[in-house]
Amino acid sequence: MKEELKILIEAQYPLIYLMTSEEERAESAISQISQKESEHRRVYIWTVTHGIVEYGQPRQTTQHNTVSPEAAIEWTIRQKEPGIYIFKDLHPFIESPPVNRWLRDAIANFKGDEKIIILMSPIQEIPIELEKDVIVLDFPLPNLKELDEVLSQQLRKAKSRRITTEVREKLLRAALGLTKDEAEKVYRKAQVKAGRLTESEVEIVLSEKKQLIRRNGILEYIEEDETIDAVGGLEELKKWLVQRSNAFTERAREYGLPQPKGMLILGVPGCGKSLIAKTTSRLWGLPILRLDMGRVYDGSMVGRSEANLRNALKTAESISPVILFIDELDKAFAGGTGSADSDGGTSSRIFGSFLTWMQEKTSPVFVMATANRLEKLPGEFLRKGRFDEIFFVDLPNTEERQDIFRIHLKKRRSDINRFDIEQLAKVSEGFSGAEIEQALIAAMYDAFAQDREFTQLDIIAAIKSTLPLSRTMTEQVTALRDWARQRARPASASVAEYQRLEF
Ligand SMILES: Nc1ncnc2c1ncn2[C@@H]1O[C@H](COP(=O)(O)OP(=O)(O)OP(=O)(O)O)[C@@H](O)[C@H]1O
Ligand SMILES: [Mg+2]
């Protein structure tokens, strides 16, 4: 990505929108790029407080009267020498007609001159008039090499003993996904807490990172203790996942395999979609981050939602290989505040940028999305090629229900032989996994209240008194099934028996 910035600068792209909250790092990267050029260009920085100041010079060297954005842009046009002009936080002014016009004049004027304007801002705000002329670029988070500088500095400061390359790499990887400042803070904190920085502090760094990532409210590290064995049935889906356990290894690359992009799991509520997605983390040995789409939406400022999404994706990419879990995708794309029509098109724009990202991403971020209402999902999502596979999770069939009973009974009692699981599976026809679990818990409560152990009969009674979703919402469930059967791959090997079932 930094390469990309270099290419754009060298290619004389006149207007670049660089999205970042790490101004210092970005400025220094730009200055480095300019210095490596054969005829190195001067770098100037505009802020609304100081006007234009040359990079590296004290603020007293302000070019007077360049505090107003219009004057500053005009100043760049008047310059005879080549130059790179960084405008920090121009976004609040960019909609103003004179600023907008001056920018376009500048672009026209720069043709053939070695001049570039870089708009640097943490949020994206581009007026329609400029959309065609500007190229938007995300400034990437620090890579291992950059983090190494931060770590080395911290080690020097603390006069720490030397650490092995292995420990160093672990400490570095633990900080991936953080900004430079954040990494500094995390290393310092770990150092202070433990009085040293060694292998045992990797955990501190990791947990600090998890907190920092959670603080932005959009991404969250998920810890899932269950393994894939806690999921009953869904054999096909499991097989698919197990087959790809090593998909993100070097060996798979050497073998010539492409990296899996993602999967979409559609299905009836309460049948284990979220559960299986979360357990994939353990199965694949990759961290899993939940992207909360509802929180991406932010109506406070134009462009804020887009920036939220970009930042979240950027973080995920820098932590990769990683699983990005988007639960209830259908709800997410209905928008945080309303439908696509009522929020001024924000949700469709967000949706568009998400799809583009999915299409173009090269970093190993595996998207695992779940959904149950299809009519809310834009068709583009379902087109082949977006996801490697779209699975449909149906209500469990008899065998799967046995499996689910067994799993949940075993979780709570060691002597499950006293239950007739075949019978339980039979009477719970039409139940989802979640409903089976709930019936079991209800039975346990009943018996517990009477101060005795729960029995087969308690469970059957609980089942009988439950009205499953497949009965209360027969129409929706049937519609979903009919739709999915034609378009998605079944998650279970055998076709469920209730296709014949009439409620
Ligand atoms: N196939 C299953 N095997 C074992 N347990 C299950 C299964 N399906 C559901 N459960 C139980 O029900 C709980 C809820 O399931 P989960 O959240 O995965 O459903 P879901 O398909 O994501 O539903 P929704 O569409 O409502 O989000 C699980 O945590 C688990 O305890
Ligand atoms: Mg779910």
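Residues numbered from 1 in each chain as written. Chains lettered and ligands numbered in written order. Predicted model: local features only at pLDDT ≥ 70, side-chain atom pairs only at ≥ 80, totals over all residues. Heavy atoms only, no water.

The next point concerns helix α23 (residues 474-487). The terminal C-alpha atoms of α23, which comprises 14 residues, lie 20 Å apart, in line with the 20 Å expected from a rise of 1.5 Å per residue. The inward-facing, buried residues of α23 contact β8 (262-267), β12 (389-393) and α22 (469-472). (Helix = DSSP H or I, 4+ residues; strand = E, 2+ residues; numbered from the N terminus. Expected span 1.5 Å × (residues − 1). Contact = heavy atoms within 4.5 Å.)

Attention now goes to the domain arrangement of the protein chain. When the parts come together, some accessible area is lost, and that loss is often what is quoted as the size of the interface. According to the domain assignment, the protein chain contains domain 1 (2-138), domain 2 (144-215), domain 3 (228-393) and domain 4 (398-429 + 433-467). One C-alpha centre belongs to domain 3, the other to domain 4; they are set 33 Å apart. Each side of the interface is counted separately: domain 3 has nine residues, and domain 4 has six residues. When domain 3 packs against domain 4, the two sides together hide about 470 Å² of surface, and 52% of this comes from carbon and sulfur. Taken as a group, Ala230, Gly232 and Gly270 account for 61% of the area that domain 3 buries against domain 4, more than any other trio of residues on that side. Applying the counting criterion to the domain 3 and domain 4 interface returns zero salt bridges. Our enumeration of links across domain 3 and domain 4 arrives at four residue pairs in polar contact (both at pLDDT 80 or more). In the side of domain 3 that touches domain 4, the residues fall into four nonpolar, three polar and two charged. (Domains from an automatic or database assignment. Buried area = accessible area lost by both parts, 1.4 Å probe. Salt bridge = Lys/Arg side-chain N within 4 Å of Asp/Glu carboxyl O. Polar contact = N/O pair within 3.5 Å; in protein donor to acceptor, adjacent residues only side chain to side chain. Nonpolar A, V, L, I, M, F, W, Y, C, P; charged D, E, K, R; others polar.)

What the seven strands build is an open sheet, ordered β7-β9-β10-β11-β8-β12-β13; its pairing is mixed. In this open sheet, the two edge strands, each paired with only one partner strand, are β7 (219-221) and β13 (489-490). Where β8 lies against β12, five bridges are found, and the strand directions are parallel. The residue of β12 that forms the bridge with Gly267 is Val393. Against the sheet, helix α14 (residues 304-319) engages β7, β9 (288-291), β10 (322-326) and β11 (365-371), with an angle of about 175° to β9. This element, helix α16 (residues 346-360), spans β10 and β11 of the sheet and lies at about 135° to β11. (Pairing = 2+ DSSP bridges. Axes fitted to C-alpha atoms, helices over the stretch in contact; angles between N-to-C directions.)

This part covers empty space enclosed by the protein. Using the criterion set out here, one finds two cavities of 30 Å³ or more in the structure. There is about 40 Å³ of room inside the largest cavity. What lines the largest cavity is Gly232, Leu234, Cys271, Val393, Asp394, Pro396, Glu400, Ile404 and Ser492. In the lining of the largest cavity, the residues fall into five nonpolar, two polar and two charged. Of the voids in this model, the second largest cavity is the one considered here, and its volume is about 30 Å³. Forming the walls of the second largest cavity are Val150, Gln153, Gln154, Lys157 and Glu184. Residue contributions to the lining of the second largest cavity peak at four residues, all from helix α6 (residues 144-157). Across the lining of the second largest cavity, the residue classes tally to one nonpolar, two polar and two charged. (1 Å grid on protein atoms, 1.4 Å probe; cavity = no way out; pocket = protein on both sides within 12 Å on 5 of 7 lines; lining within 4 Å. Points joined across faces, edges and corners; volume = space filled by probe spheres on them.)

Attention now moves to the site of ligand 1. For ligand 1, the set of nearby residues contains 18 residues, the closest of which are Gly270, Lys273, Ser274, Asn372 and Glu437. At 3.1 Å from a nitrogen atom of ligand 1 is found a main-chain nitrogen or oxygen belonging to Gly272. At 2.5 Å from an oxygen atom of ligand 1 is found a side-chain nitrogen or oxygen belonging to Asn372. Protein chains bury 81% of the 620 Å² of accessible surface belonging to ligand 1 in isolation. Sorting the residues of the shell around ligand 1 by element identifies α12 (273-284), α18 (398-412) and α20 (433-449) as the ones contributing at least two each. Counting residues domain by domain, the shell around ligand 1 receives three or more from each of domain 3 (228-393) and domain 4 (398-429 + 433-467). (Near = heavy atom within 4 Å. Areas by Shrake-Rupley, 256 points an atom, 1.4 Å probe, with all protein chains shown as cover.)

With 14 residues, α6 should reach 20 Å at 1.5 Å per residue; the first-to-last C-alpha distance of 20 Å fits that figure. Of all the residues in α6, the buried ones are Glu146, Leu147, Val150, Leu151, Ser152, Gln154 and Leu155. Lys159 occupies a position one or two residues after α6 and carries a positive phi of about 50°. (Buried < 20%, exposed > 50% of the residue type's maximum accessible area, 1.4 Å probe, protein only.)

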